[in-house]
Amino acid sequence: ISLIAVINGITWGCFFVEQETPELAKLICVVCISCESVVALVCLAGLLGASPGVVSRSAAACAQLPEKVKVLLELGEPMDGLGNIVSGERSFCIRCLVWR
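Note that residues are indexed from 1 along each chain, following the sequence as it is written. Whole-chain, interface and lining totals are the exception, using all residues; otherwise, since this is a predicted model, local features are given only for residues with pLDDT of at least 70 and side-chain atom pairs are given and counted only at 80 or more. The side-chain values count all of the structure's non-hydrogen atoms but skip hydrogen atoms and water molecules.

**Student:** Explain the confidence of the model for the chain to me, and be specific about the residues and the numbers.
**Tutor:** Each residue gets a pLDDT score, which is the predictor's confidence in that residue and runs from 0 to 100. On average, residues of the chain score 87 in pLDDT, and 100% of them reach the 70 mark or higher. Starting at the N terminus, helices and strands are each numbered in turn, a helix being any DSSP run of H or I of at least four residues and a strand any DSSP run of E of at least two. Across the chain, element-level confidence peaks in helix 2 (residues 23-49) with a mean pLDDT of 91 and bottoms out in helix 3 (residues 59-62) with 80.

**Student:** Give a description of the nonpolar core that names residues and reports values.
**Tutor:** V69, M79, I85, F92, I94 and W99 form the largest nonpolar core, which has six residues in total. Setting aside residues no more than four positions away along its own chain, I85 makes contact with P66, K68, V69, R90, S91, F92, I94 and W99. We define a nonpolar core as any set of buried Ala, Val, Leu, Ile, Met, Phe, Trp, Tyr and Cys residues linked to one another through side-chain atoms lying within 4.5 Å. Remark: exposure states derive from per-residue accessible area (1.4 Å probe, protein chains only) relative to the maximum for the residue type, with buried under 20%, exposed over 50%, and partly exposed in between. In this analysis, two residues are considered to be in contact whenever any of their non-hydrogen atoms come within 4.5 Å of each other.

**Student:** Tell me about the pattern of salt bridges, and name the residues and values.
**Tutor:** Take a side-chain nitrogen of Lys or Arg and a carboxyl oxygen of Asp or Glu: if they are within 4 Å of each other, that pair is a salt bridge. All chains considered together, the criterion is met by one salt bridge. Residues K26 and E23 are paired through a salt bridge, measuring 3.0 Å at the closest nitrogen-oxygen approach. You can see K26 and its partner E23 sitting in helix 2, three residues apart, about one turn around the helix.

**Student:** Got a sec to walk through helix 2? Specific residues and values, please.
**Tutor:** One fewer than the residue count of a helix, multiplied by 1.5 Å, yields its expected span. With 27 residues, helix 2 should reach 39 Å at 1.5 Å per residue; the first-to-last C-alpha distance of 39 Å fits that figure. Where helix 2 is concerned, the buried positions are K26, V30 and S37. Lining the buried residues of helix 2 we find helix 1 (2-17).

**Student:** So, the packing of aromatic side chains: which residues are in play, and what are the values?
**Tutor:** Centres within 6.5 Å make a pair out of two Phe, Tyr or Trp rings, where for Trp the six-membered ring is used; the pair is then stacked when the planes are under 30 degrees apart, edge-to-face when over 60, and tilted otherwise. Counted under the stated rule, the structure contains four aromatic pairs. Ring centres of F15 and F16 lie 5.1 Å apart, and the angle between their planes is 80°; on these two criteria the pair is classed as edge-to-face. Judged by its relative accessible area of 59%, F16 is exposed. Note on criteria: charge over ring means Lys NZ or Arg CZ within 6 Å of the ring centre, with the direction from the centre no more than 35 degrees off the ring normal. Here K26 stacks its cationic end above the ring of F15, 5.7 Å away from the centre of that ring.

**Student:** Account for the environment of L3, with residues named and values stated.
**Tutor:** Relative to the elements of secondary structure, L3 occurs in helix 1. Each C-alpha atom, one on L3 and one on S37, is 9.8 Å from the other, the two residues being 34 residues apart in sequence.

**Student:** Give a detailed account of the pairing of strand 2 (residues 90-93), specifying residues and quantitative values.
**Tutor:** At least two DSSP bridges between two strands are required for those strands to pair. The pairing of strand 1 (residues 85-87) with strand 2 spans three bridges and is classified as antiparallel. Directly across from I85, in strand 2, lies its bridge partner F92. Joining the antiparallel neighbours strand 1 and strand 2 is a turn of two residues, in which G88 adopts a positive phi near 70°. Relative to strand 3 (residues 98-99), strand 2 runs antiparallel, the two being bridged by two bridges. When the bridges of strand 3 are listed, C93 appears paired with V98. Hairpin connection between strand 2 and strand 3: a loop of four residues separates the two successive antiparallel strands, and L97 in this loop has a positive phi of roughly 60°.

As structure tokens, then:
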């Protein structure tokens, strides 16, 4: 947020101090920077306020490991290169060991 304030402050400062640049060009710069700042703040608010989509561990979410995962875990082998396993509308996260 402070970076947005600094960049806006510099732009607005140049708007009032700069004498050689045409007024229309200065106005376009100020409007563009202000619009970009509003977009950045809206995106930041969306990131801060949105649900992160955390899947809590439960018996239903962790039950019935896929066969590939079960075999690798029993053998103590790494699951490198193995992507998430999709089954119907659900997928099994290899990193978290949870059905989503």
